[in-house]
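Observations on the three-dimensional arrangement
Residue strings, one per chain:
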Amino acid sequence: MAVATISHLTVRYGAKTAVNDLSVEIPEGCVGLLGPNGAGKTTLLKTLLGFVSPASGSGEVLGMNAATEGMKIRQRIGLMPEIDCHIPGMNAVTFVAYAGELAGMPANYALGRAHEVLEYCKLGEARYRNVETYSTGMKQRIKLAQALVHGPKLIFLDEPTNGLDPVGRDEMLELIRDISHGKGVNVIVSSHLLPDIERTCDSVVVMRQGQVVRQGSVSDLRELGGLTVDVDLRHPSEPFLEAMRKRGATVVSQIGAQVRLALLDDTEIGRRLFEAARESGAQVRGFRPASRSLQDVFLEAVE
Amino acid sequence: MNYDLPPPPPSASVSNIADLTYRNYEGPLVSRAVRWWIVAKSGVQGALKKPGFWVAVAFCLLPYLIHGFVFYLQQQMADMGGPAAMLLGPQEQRFGRLFYQSLCGDTNEISMFVITLLIGTGSIAADNRANALMVYLSKPITKGDYLFGKWAGVFLTLFLVALLPCLLLFLFCLVLYTSDGFLKDNPTLILKVIGSCFLPALLHSSLIIGISAWSKSPRLVGAVYAGIYFVGGILSWLLGASLFGSDPKMNNLVQHFSLSGLMEGIIQNILHVTLAAGLRRPDDPTLEIPMVAPLIVAAILVVVGGIIAARTKIKAVEVVRG
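What you see is a predicted model, and the numbers here were worked out from it, not measured in a lab.

A tally of regular secondary structure across chain A gives 11 helices and 14 strands. Over its C-alpha atoms, taken along the principal directions, chain A stretches across nearly 75 × 45 × 30 Å. Per-residue burial for chain A yields a buried fraction of 45% across its 303 residues. Look at the contacts in chain A between residues 6 or more apart in sequence, and 67% of them connect residues 24 or more apart.

Once that is clear, we can look at the overall build of chain B. Tallying secondary structure elements over chain B gives 14 helices and 0 strands in all. In chain B, the succession of helices and strands from N to C terminus is α-α-α-α-α-α-α-α-α-α-α-α-α-α. Within chain B, buried positions represent 40% of all 322 residues. Restricting the contact set of chain B to residue pairs at least 6 apart, pairs at least 24 apart contribute 80%.

This part takes up the interface of chain A and chain B. Contacts between chain A and chain B engage 42 residues on the former and 35 residues on the latter. Considering each element in turn, the side of chain A that touches chain B owes the most residues, 6 residues, to helix H4 (residues 107-120) of chain A. Grouping the amino acids of the side of chain A that touches chain B by side-chain chemistry returns 21 nonpolar, 11 polar and 10 charged.

What follows deals with the sheet that holds strand S14 (residues 284-289) of chain A. Residue and element names in this part refer to chain A. Strand order in the open sheet formed by 4 strands is S12-S13-S11-S14, with antiparallel pairing between adjacent strands. Bordering the open sheet on either side are strand S12 (250-255) and S14, each of which pairs with just one other strand. The sheet shows a mean angle of 20 degrees between the axes of neighbouring strands, direction not considered. In terms of strand pairing, S12 meets strand S13 (residues 258-263) through 5 bridges, oriented antiparallel. The residue of S13 that forms the bridge with Ser-253 is Arg-260. The strands touched by helix H10 (residues 269-280) are strand S11 (227-233), S13 and S14; relative to S14, the strand with the most contacts, the crossing angle is about 150 degrees.

All names here are of chain A. For strand S3 (residues 30-34), the buried fraction is high: 5 of the 5 residues fall into the buried class. Neither face of S3 is open: one carries Cys-30, Gly-32 and Leu-34, the other Val-31 and Leu-33, and all of them are buried. In this structure, S3 lies alongside strand S8 (residues 186-191), joined through 5 bridges in parallel fashion. Looking at the pairing, Gly-32 lines up with Val-189 of S8. Pairing of S3 with strand S9 (residues 203-208), which is carried by 4 bridges, proceeds in the parallel orientation. In the sheet register, Leu-33 faces S9, and the bridge partner there is Val-205.

Turning our attention to the nonpolar core. Val96(A), Ala145(A) and Ile155(A) are the most contacted members of the largest nonpolar core, which totals 151 residues. With 14 residues, helix H8 (residues 143-177) of chain B is the single largest residue contributor to this core. What Ile155(A) contacts, discounting residues up to four positions off in sequence, is Ile77(A), Gly78(A), Met80(A), Ala147(A), Leu148(A), Ile179(A), Val185(A) and Val187(A). One finds Phe240(A), Ala249(A), Val259(A) and Leu261(A) within the second-largest nonpolar core, a separate group that totals 14 residues.

Our focus in this paragraph is unusual backbone geometry. All names here are of chain A. The phi dihedral of Asp-21 is positive, around 50 degrees, even though this residue is not glycine. Examined against the element boundaries, Asp-21 turns out to sit in strand S2 (residues 16-27). The exposure class assigned to Asp-21 is partly exposed, which follows from the 13 C-beta atoms found within 10 Å. The phi torsion at Gln-209 lies on the positive side, around 45 degrees, for a residue other than glycine. Assignment of secondary structure puts Gln-209 in the loop between S9 and strand S10 (211-217). Given 15 C-beta atoms within 10 Å, Gln-209 falls into the partly exposed group.

Turning next to the packing of helix H3 (residues 92-102) of chain A against H4(A). Between two packed helices, the angle of one axis relative to the other and the distance separating the axes together describe the packing. Residue and element names in this part refer to chain A. Here H3 crosses H4 at 125 degrees, and the two axes come no closer than 8 Å. Regarding the angle of H3 to H4, the classification is oblique. Crossing angle aside, the handedness with which H3 passes H4 is right-handed. In contact with Ala-92, Val-93, Val-96, Ala-97, Gly-100 and Glu-101 of H3, H4 contributes Ala-107, Ala-110, Leu-111, Arg-113, Ala-114, His-115, Val-117 and Leu-118.

So, about the sheet that holds S9(A). Residues and elements named next belong to chain A. Strands sit in the order S6-S7-S8-S3-S9-S10 across an open sheet of 6 strands; the sheet is mixed. Of all the strands in the sheet, just strand S6 (77-80) and S10 have a single pairing partner and so form its edges. Each adjacent strand pair in this sheet contributes to an overall mean axis angle of 15 degrees, direction not counted. Note that S9 and S10 share 6 bridges and pair antiparallel.

This paragraph deals with H4(A). Residues and elements named next belong to chain A. The first and last C-alpha atoms of H4 sit 20 Å apart over 14 residues, in line with the 20 Å expected at 1.5 Å per residue. Within H4, the full set of buried residues consists of Tyr-109, Ala-110, Arg-113, Ala-114, Glu-116, Val-117, Leu-118, Glu-119 and Tyr-120. Against the buried residues of H4 lie H3 and helix H5 (136-148). Just past H4, the residue Lys-122 takes up positive phi, approximately 60 degrees.

All names here are of chain B. On average, residues of chain B score 85 in pLDDT, and 84% of them reach the 70 mark or higher. Low confidence marks residues 9-13, where pLDDT is under 50. Its contacts with residues over four positions away, or in another chain, come to 5 contacts. Quick note on the complex model: pTM equals 0.83, ipTM equals 0.82.

Further remarks concern the environment of Gln283(A). All names here are of chain A. With respect to the helices and strands, the residue Gln-283 is situated in the loop between H10 and S14. Judged by the 13 C-beta atoms lying within 10 Å of it, Gln-283 is partly exposed. In contact with Gln-283, other than residues within four places in its own chain, are Leu-233, Arg-234 and Ala-277.

Let's shift gears to the confidence of the model for chain A. Reading predicted coordinates in detail is not appropriate for stretches of low pLDDT. Averaged over every residue, the pLDDT of chain A is 89; the share at 70 or more is 99%. Confidence, expressed as mean pLDDT per element, reaches its minimum in chain A at helix H11 (residues 294-302) of chain A with 75 and its maximum at H3(A) with 95.

Rules of the game
Residues numbered from 1 in each chain as written. Chains lettered and ligands numbered in written order. Predicted model: local features only at pLDDT ≥ 70, side-chain atom pairs only at ≥ 80, totals over all residues. Helix = DSSP H or I, 4+ residues; strand = E, 2+ residues; numbered from the N terminus. Buried ≥ 20, exposed ≤ 12 C-beta atoms within 10 Å, placed from the backbone. Contact = placed C-beta atoms within 7 Å. Nonpolar A, V, L, I, M, F, W, Y, C, P; charged D, E, K, R; others polar. Pairing = 2+ DSSP bridges. Axes fitted to C-alpha atoms, helices over the stretch in contact; angles between N-to-C directions. Core = buried A, V, L, I, M, F, W, Y, C linked by C-beta atoms within 7 Å. Parallel < 35°, antiparallel > 145°, perpendicular 65-115°, else oblique. Left-handed = near helix turned anticlockwise from the far one by under 90°. Expected span 1.5 Å × (residues − 1). pLDDT = per-residue confidence, 0-100.

Here you go:
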């Protein structure tokens, strides 16, 4: 089932078209929304939340119409915005409890839940500190905590690792991965940091100039077409490459002792590799079906 | 038999909450119709935490204490047949004038103005600065809930600050002067007093919310509000004197077209009191009750204008149109 279905959506800011006739189905799980700056990712999220009115087209979130059922949608979703945001003059636990109350939780439930969520987001020690005194990393976590407090079924995370140091980034990605796997919460992560998406998301939607240019599961997108294998040699070996060429292989690339070979057919790949190794005196340490990085997929899609 | 306790879960050693895993919330939800109250309650609670608020409240109480005490002395002297009866004014206006003097005296007006600055300037401006609207409007509340909640937080605080001392003064009169015809002569006075407390709270809260929504700086909002309050008062006085110097009735009316003037003029109408003469002649037309209809129209414009100004500016996202 799709958590969000968008069909022929167009959003304009005056003369500028931010989202242009976009149609996409966002599946359950953790989905990455990728795209260069200005691709329309944040506008898409804001439209799904009902903050921005589309010029044409429609969107459904969790089976509800984004244009007419914004309130119901916001009851069941959480938003972690990209920009710093908090309620001024409040400490963390008051802020998160207040966010829970705004989402309709009775005050005592909201307070209890605020403590739980702050512990979960690793802000338990700092829960009584004024949010304005928080570091960038802590502000990111409190934004996540306020998005989670009312138990949403879908969370929008807009650039969740912005401004985080490597340790903070690891912890944030771990939290995102934990929430989105096995907790019944769907997550849409908007980011231009590809390693973050690669670590947390099951599938991605790549946007460019307000349109979807690539979509699919991370593993499918990374897979290379045809029969391509990566071979790890002990040392770079030209005789080995020559022996493989004689066996119908094409050398796609070579970085040090790692060689990517394209084969014409899949019959006895292992036997052919080892025969070539014996013939050339090279030592094969391993081989596997070749895959691309998400960065390659992204660059190919947006270029 | 082994009585050793099982080892605690790893998380329990660092937190009082044993289970630190994420759990979904499946508990009850309150009705959406009362969500504005969450915002309003937060506004009132925020005001009560400010020490300056309590200082201003103490100043608000002062006129009631002083006027109540002076009224008591004058009444005692009048009972003894002294000339103090003249100072108390006509019998039917005596108690209304007591409430008018307490509500519209300089101390009370300035205290209400200061409280408005303390609680109203940052009500939306501080949210704008902290991007709090993103938090509010990503939750299931509407712009209307947010705006009404913010307005109600300021309004209720001001209303209660004005009303509570009035009720104490009313109780004082009830205890001491019921036998002198306090209730018999003024059967609707309590309603008039409530109305008179309602008006300043309504005007102050609507205008400050309107200005606050347009800024990210509470200080700037305070400066603009103070400008409107004081400069408006001076301008209306100058306008009245320069344009209608020869028409005392119109002069009296125009001089009420400021924030404090509107409050004074409408409250004077509600309580139906002419002013005490003081240094002026008792037949001075500026002491008379001003025409109420133009004042009500101006008050409605202030209230509606403030709320529309705020509503126009409240947006979850700042859309830059290019």
